[in-house]
Amino acid sequence: MTAPSIGSARDVVDYLKSQHETIKALFIETLDAPDAATREEAFTRLRTMLAVHETAEEMVVHPRVRRKVEGGAQIVDERLAEEHDAKVLLRDIEQLPIDSAEFSKALIHLQAAVLEHAKHEEELEFTALEAAVSDDELGKLGQAVAVAERIAPTHPHPGVESAAANFAAGPFASILDRARDALKDAFGSNRS
């Protein structure tokens, strides 16, 4: 995943929205994969994108919305509840055989939840954020999102949804996740 290019203040919102589109495409790619190996590869990219994207929002975007947007606490609390539920689903999906009907069914359920969550973010949170903060502050948020993505875990960690929890646990989870990913790549998938 590449860091956003901050050419204008609005880029951070556009970047996050473009990630939502990438996530949508990765769900389709995973579900439509012709074989288990292709599905595994697509799912790994999807899982990583979801984990990194949500961590960046939790560390950077949600705290700003909570502080700067009228009614922001409620908006953020609802998004955090959705993110927690999605992390639980994603964690559970990771344990399922990649070529099973249970995997497909669970992934379709997660897809519906994540797409609804993205819609809420775009319509409620991002719109309010753009209205409440200056262009300069949006630009700084874009830079902060890029940094948060570089240190984010690559697997879901339910219960780590606040900025404080991400700053405290996130770097350690990230190291463990990235080591786990490297070992999996070295020894091959242990999924059946």
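All values derive from a computational prediction rather than experimental measurement. Note on numbering: residues in each chain are counted from 1, in written sequence order. Local features in a predicted model are, by the rule used here, given only for residues with pLDDT of at least 70; side-chain atom pairs are given and counted only at 80 or more, and totals for whole chains, interfaces and linings are based on all residues. For side-chain calculations, the full set of non-hydrogen atoms in the structure is used, while hydrogens and water are omitted.

## Structural notes on helix H2 (residues 36-68)
Item 1. Helix numbers and strand numbers start at the N terminus; a helix is a DSSP run of H or I with at least 4 residues, a strand a run of E with at least 2. Expected helix span is computed as 1.5 Å times (number of residues minus one). Taking 1.5 Å as the rise per residue, H2 with 33 residues should run 48 Å; its terminal C-alpha atoms sit 45 Å apart, in good agreement.
Item 2. Bend is computed residue by residue as the angle between axes fitted to the seven residues ending at the residue and the seven residues starting at it. At Glu-58, H2 is deflected by roughly 40°, the largest bend along its length.
Item 3. Under the rule applied, a polar contact is a pair of N or O atoms within 3.5 Å (in protein, one hydrogen donor and one hydrogen acceptor; residues adjacent in sequence only if both atoms are side-chain atoms). One side-chain oxygen at the N-terminal end of H2 lies 3.2 Å from the backbone nitrogen of Ala-37; it belongs to Asp-35.

## Focus on the environment of Ala-146
Item 1. Its place among the elements puts Ala-146 in helix H5 (residues 135-151).
Item 2. Relative accessibility under 20% of the residue-type maximum defines a buried residue, over 50% an exposed one, and the middle range a partly exposed one, all with a 1.4 Å probe and only protein chains included. A relative accessible area of 7% means that Ala-146 is categorised as buried.
Item 3. Sequence separation between Ala-146 and His-53 is 93 residues, and the spatial gap between their C-alpha atoms is 10.0 Å.

## Regarding the packing of aromatic side chains
Item 1. Side-chain rings of Phe, Tyr and Trp (the six-membered ring for Trp) are treated as a pair once their centres are within 6.5 Å; stacked means planes under 30 degrees apart, edge-to-face means over 60, and tilted covers the remaining angles. Summed over all chains, the structure comprises one aromatic pair.
Item 2. Taken together, a centroid distance of 5.2 Å and an interplanar angle of 80° make the contact between Phe-43 and Phe-103 edge-to-face. Separated by 60 residues along the polypeptide, Phe-43 in helix H2 and Phe-103 in helix H4 (residues 101-132) bring together distant segments of the chain.

## Details of the environment of Asp-11
Item 1. Along the chain, Asp-11 turns up in helix H1 (residues 11-31).
Item 2. When its relative accessible area of 18% is taken as the criterion, Asp-11 is described as buried.
Item 3. The spacing of Asp-11 and Gly-142 is 131 residues in sequence and 7.0 Å in space, taken between C-alpha atoms.

## Topic: H4
Item 1. For H4, built from 32 residues, the straight-helix expectation of 46 Å at 1.5 Å per residue is met to within 8% by its first-to-last C-alpha distance of 45 Å.
Item 2. The principal kink in H4, of about 35°, is found at Glu-121.

## Examining the pattern of salt bridges
Item 1. Between Lys or Arg on one side and Asp or Glu on the other, a salt bridge is scored when a side-chain nitrogen of the former is within 4 Å of a carboxyl oxygen of the latter. In the structure shown here, the tally under the stated rule is twelve salt bridges.
Item 2. Of the charged contacts in the structure, one is a salt bridge between Arg-91 and Asp-92, with a shortest N-O distance of 3.3 Å.
Item 3. Since its relative accessible area comes to 38%, Asp-92 is described here as partly exposed.
Item 4. Taken together, the salt bridges that share partners define one network made up of Glu-29, Glu-41 and Arg-45.

## Structural notes on the confidence of the model for the protein
Caution applies to low-pLDDT regions: their predicted coordinates should not be interpreted in detail.
Item 1. In this model, the protein carries an average pLDDT of 83, and 75% of its residues clear a pLDDT of 70 or more.
Item 2. Values of pLDDT, which run from 0 to 100, indicate the predictor's confidence residue by residue. Mean pLDDT values for the elements of the protein range from 56 in helix H6 (residues 163-187) up to 96 in H4.

## A few points about the packing of H1 against H4
Item 1. At their nearest, the axes of H1 and H4 sit 11 Å apart, and the two run at 170° to each other. Taken together, the axes of H1 and H4 lie roughly antiparallel to each other.
Item 2. For this scheme, ten residues count as nonpolar: Ala, Val, Leu, Ile, Met, Phe, Trp, Tyr, Cys and Pro. Four count as charged, namely Asp, Glu, Lys and Arg, and the remainder, Gly too, count as polar. Class assignment of the residues belonging to the contact of H1 with H4 gives a composition of 14 nonpolar, four polar and five charged. Lines are fitted to the C-alpha atoms to define the axes, a helix being fitted only along its stretch in contact, and any angle between axes, read from their N-to-C directions, falls within 0 to 180 degrees. Here the angle decides the label: under 35 degrees means roughly parallel, over 145 means roughly antiparallel, 65 to 115 means roughly perpendicular, and every other value means oblique.

## Section: the side chain of Glu-54
Item 1. Secondary-structure assignment places Glu-54 in helix H2.
Item 2. Here Asp and Glu are counted as negative and Lys and Arg as positive; His is not counted, and neither are the chain ends. One buried charge, Glu-54, has no salt-bridge partner; the nearest side chain with opposite charge is Lys-87, at 7.1 Å.
Item 3. Among the polar contacts listed, one links the side chain of Glu-54 to the side chain of His-117, at a separation of 3.4 Å.
Item 4. Residues are treated as being in contact if the distance between any of their heavy atoms lies within 4.5 Å. In this structure Glu-54 touches Glu-83, His-117 and Glu-121, once residues within four positions along its chain are discounted.

## Here we look at the nonpolar core
Item 1. In this description, a nonpolar core means a group of buried Ala, Val, Leu, Ile, Met, Phe, Trp, Tyr and Cys residues linked to one another through side-chain atoms lying within 4.5 Å. Counting 21 residues, the largest nonpolar core has Val-12, Leu-16, Val-61, Val-65, Leu-129, Leu-138 and Val-145 as its most contacted members.
Item 2. When residues of this core are traced back to their parent elements, those giving at least two are H1, H2, helix H3 (72-94), H4 and H5.
Item 3. Ranked by residue count, the leading element in this core is H2, at five residues.
Item 4. Dropping the residues within four chain positions of it, Val-12 is found in contact with Leu-138, Leu-141, Gly-142 and Val-145.
Item 5. With 15 residues, the next largest nonpolar core counts Ile-23, Leu-46, Leu-90 and Val-114 among its residues.

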